[in-house]
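Fold and contact review
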Amino acid sequence: MCGIVGIVGKEPVNQSIYDALIVLQHRGQDAAGIMTIENNMFNLRKANGLVRDVFHTRHMKRLSGNVGIGHCRYPTAGSSSSAEAQPFYVNSPFGIAFAHNGNLTNAHELQDEVFRIARRHINTTSDSELLLNIIAHELQSNASMNIQPNDIFDAVEKVHKKIRGAYAVVAAVIGYGMVAFRDPHGIRPLVLGKRQTEKGDEYMVASESVALDAVGFQFVRDVAPGEAIYVTEEGELFTRQCAENAVCNPCIFEFVYFARPDSFIDGISVYASRVNMGTKLGEKIKREWADKDIDVVIPIPETSMDVALQIANTLGLPYRQGFVKNRYIGRTFIMPGQTMRRKSVRRKLNAISSEFKGKNVLLVDDSIVRGTTSEQIIEMARESGANKVYFASAAPEIRFPNVYGIDMPSAVELIAYGREIEQINDCIKADGLIFQDIDDLVDAVSLENKSITKFETSVFDGDYVTGDVDQAYLERVDKARGESVSTTPRIQTELTNLEMHNMGTD
Ligand SMILES: O=P(O)(O)OC[C@H]1O[C@H](OP(=O)(O)OP(=O)(O)O)[C@H](O)[C@@H]1O
Ligand SMILES: NC(=O)CC[C@H](N)C(=O)O
Ligand SMILES: [Mg+2]
């Protein structure tokens, strides 16, 4: 999913960007990077790894400057090579550092255009490097030596017309400041924050509001779909709507799984939406499983905990912790490669056997994607002596690939693809399996902000809000990005490109 952050400050921003990335770590565990501007020069450090492992004191010291951007990556296009870690950089016009959350759906066509028309070479397979070059080209064609806010906004307007898909973007431009914008459907989240200091106002954009909280910025508002934000190096803020027909169709999977519960996205508390999911699913269980003799509700840590507690409340059943999560293991779903994901479930979760012995348990997860977690967890519950193991998913069956920044490029790897509920259950081997209905999921989230009438729900219903995704497209994406990409041993991909990039030397 990726986390992005950008700050125009009155003091060095390196520590604040680092702290913001630490709380956005759940959005991307594969690589991290920070780029700052000082005396019209860029400073960069990026590498594969968690934020805490990528930045050491010596790197932080080098990242001086009052303007900067940061990124933590969960690869959804290209490879997981360190050459595709972000921020990316182009030297013309002015010098632009760039970070992106999302996925372009017309990257294929753009690749050719960028070369033929803009004469720009893209040296990685990343759609983000492509997007950076499109912006750079538009800025270059538009601007004189002394660009004004409207020149930047005109360039973003042209970018919106050219590219399709999901994108929340932040860029730092030498001599100018920070530019950020969000796709016209608002699929990926982006918030604006402000901090008042004696030297003047500082501005920050970030993927989630929790990043503002962490570094002491006040939440101002969500960046509107299609809107662009420009903050000069001096701290002056300009904004403009740069897209025609912008609509707010946020990705519903942010609320199901990706975002932190203490974040607010488009006016919706992620936590409250999860509690509502618990109420809705609890009511469905009451209606449809009146005959099931459930003794206790047990969450599968970590994301499902808020939902599971509310299911227990709704059913009037005890809520108990049956699994302990190893705090040093990250999220399994966003790990690259099925082998790593499979191995990590047992390393990450261990059963408290006394909570299962002789009991009929209802295990709750936020979603079942590939079934990696559910299959192993049910096995663990049985090994711990459970009598019956029922399973509830707070999201409906996931049957369609995601093309907007979640790594589900291939339908065949989804456990619900081509399977009815009983067949899914045959795979995960529960004594009963129940999914949230799609209408209930949408209601659960929209209850918190009634003005949003449509969410991006393609993984559940195949309705892709950008309108440009058909079967042929899905087949192409599937082919281009098979498991081979994400399972390629890192060392191999490293060797190919290591010297071609400004890695911010060790
Ligand atoms: O069906 P699967 O392919 O296994 O994917 C779904 C699981 O992956 C996620 O957990 P993850 O471990 O990534 O993160 P969490 O600790 O936030 O729950 C999600 O919460 C489900 O538990
Ligand atoms: N998950 C994301 O937002 C990924 C951004 C970009 N498509 C990449 O793969 O680097
Ligand atoms: Mg989980």
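Residue numbers restart at each chain and count upward from 1, following the sequence in its written direction. Lettering for chains starts from A, numbering for ligands starts from 1, and both go in the order in which the items are written. Since the coordinates come from a predicted model, pLDDT governs what is reported: local features require at least 70, and pairs of side-chain atoms require 80 or more to be given and counted, while whole-chain, interface and lining totals use all residues. Only hydrogens and water are set aside; all other atoms, that is, all heavy atoms of the structure, feed into the side-chain values.

A helix here means a DSSP run of H or I that spans at least four residues, while a strand means a run of E at least two residues long, and both kinds are numbered starting from the N terminus. Tallying secondary structure elements over the protein gives 18 helices and 21 strands in all. Taken over C-alpha atoms, the radius of gyration is set against a globule rule of 2.2 Å times the number of residues to the power 0.38. The globule rule puts the C-alpha radius of gyration for 506 residues at 23 Å, and the 23 Å found for the protein is close to it. A 1.4 Å probe rolled over the protein chains alone gives each residue an accessible area, and that area as a share of the maximum for its type sets the label: buried under 20%, exposed over 50%, partly exposed in between. The buried share among the 506 residues of the protein stands at 62%. Considering only contacts in the protein between residues 6 or more positions apart, those separated by 24 or more positions represent 71%. A 1.4 Å probe and the Shrake-Rupley method give the accessible areas. Residues count as covered only by the protein chains that appear here. On the protein, roughly 19400 Å² of surface is accessible, and the fraction owed to carbon and sulfur atoms is 49%. With 54 positive and 66 negative side-chain charges, the protein shows a spacing of 4 Å between the two charge centroids. When checking whether two residues touch, look at their non-hydrogen atoms; a contact exists if any pair is within 4.5 Å. Charged residues are defined here as Lys and Arg on the positive side and Asp and Glu on the negative side; His and the ends of the chain fall outside this count. For the purpose of locating charges, the reference atoms are NZ of Lys, CZ of Arg, CG of Asp and CD of Glu.

The criterion is simple. A nonpolar core is a set of buried Ala, Val, Leu, Ile, Met, Phe, Trp, Tyr and Cys residues joined through side-chain atoms within 4.5 Å. In terms of nonpolar packing, the biggest core is built from 54 residues, with Phe253, Phe258, Ile285, Phe333, Leu362, Ile406 and Met408 touching the most fellow members. Listing elements by their share of this core, those giving two or more residues are helix H8 (252-258), helix H9 (270-288), helix H10 (305-315), strand S19 (360-365), strand S20 (388-393), helix H14 (438-446), helix H15 (458-461) and helix H16 (471-480). In terms of residue count, the dominant contributor to this core is H8 (six residues). Here Phe253 is in contact with Phe258, Ser367, Val369, Ile398, Ile406, Met408 and Phe460, once residues within four sequence places are set aside. Core analysis: the next-biggest nonpolar cluster, separate from the first, contains 33 residues, Ile122, Ala155, Tyr167 and Cys242 among them.

A word on the UniProt feature "binding site: Mg(2+)" (unreviewed entry) in the protein. UniProt positions are given in the numbering used here, feature names are shortened, and annotations may be inferred rather than shown by experiment. The feature "binding site: Mg(2+)" (unreviewed entry), as given by UniProt, occupies Thr303, Asp365 and Asp366 in the numbering adopted here. These annotated residues cover 64 residues of sequence, and their C-alpha atoms all fall within 7.6 Å of one another, placing them together at a single site. Inspection of the secondary structure puts Thr303 in the loop between strand S16 (296-299) and H10. Not counting residues up to four positions away in its chain, the partners in contact with Thr303 are Val256, Tyr257, Arg274, Arg331 and Asp366. Within the fold, Asp365 resides in strand S19.

Looking now at the site of ligand 2. Proximity is defined per residue: if any heavy atom of the residue lies within 4 Å of a molecule or strand, that residue is considered near it. Surrounding ligand 2, one finds 15 residues, the nearest of these being Met1, Arg73, Asn101, Gly102 and Asp127. Throughout this description, a polar contact denotes any pair of N or O atoms lying within 3.5 Å of each other; where both atoms belong to protein, one of them has to be capable of donating a hydrogen while the other can accept it, and for residues adjacent in sequence the pair is counted only when both atoms sit in side chains. Between a nitrogen atom of ligand 2 and a main-chain N or O atom of Tyr74, the distance comes to 2.9 Å. Take Gly102: an N or O atom from its main chain is 2.7 Å from an oxygen atom of ligand 2. Of all the secondary structure elements, the ones that give two or more residues to the shell around ligand 2 are strand S6 (96-104) and helix H5 (127-142).

Any Lys or Arg side-chain nitrogen found within 4 Å of a carboxyl oxygen on Asp or Glu counts as a salt bridge. Within this structure, the stated rule accounts for 30 salt bridges. With a closest N to O distance of 2.7 Å, Glu202 and Arg195 form a salt bridge. For Glu202, a relative accessible area of 3% translates into the label buried. For Asp463, the salt bridge identified is with Lys454, shortest N-O distance 2.6 Å. Judged by its relative accessible area of 32%, Asp463 falls in the partly exposed class. Since its relative accessible area comes to 33%, Lys454 is described here as partly exposed. Salt bridges sharing common partners tie together Asp154, Glu157, Lys161, Arg240 and Glu244.

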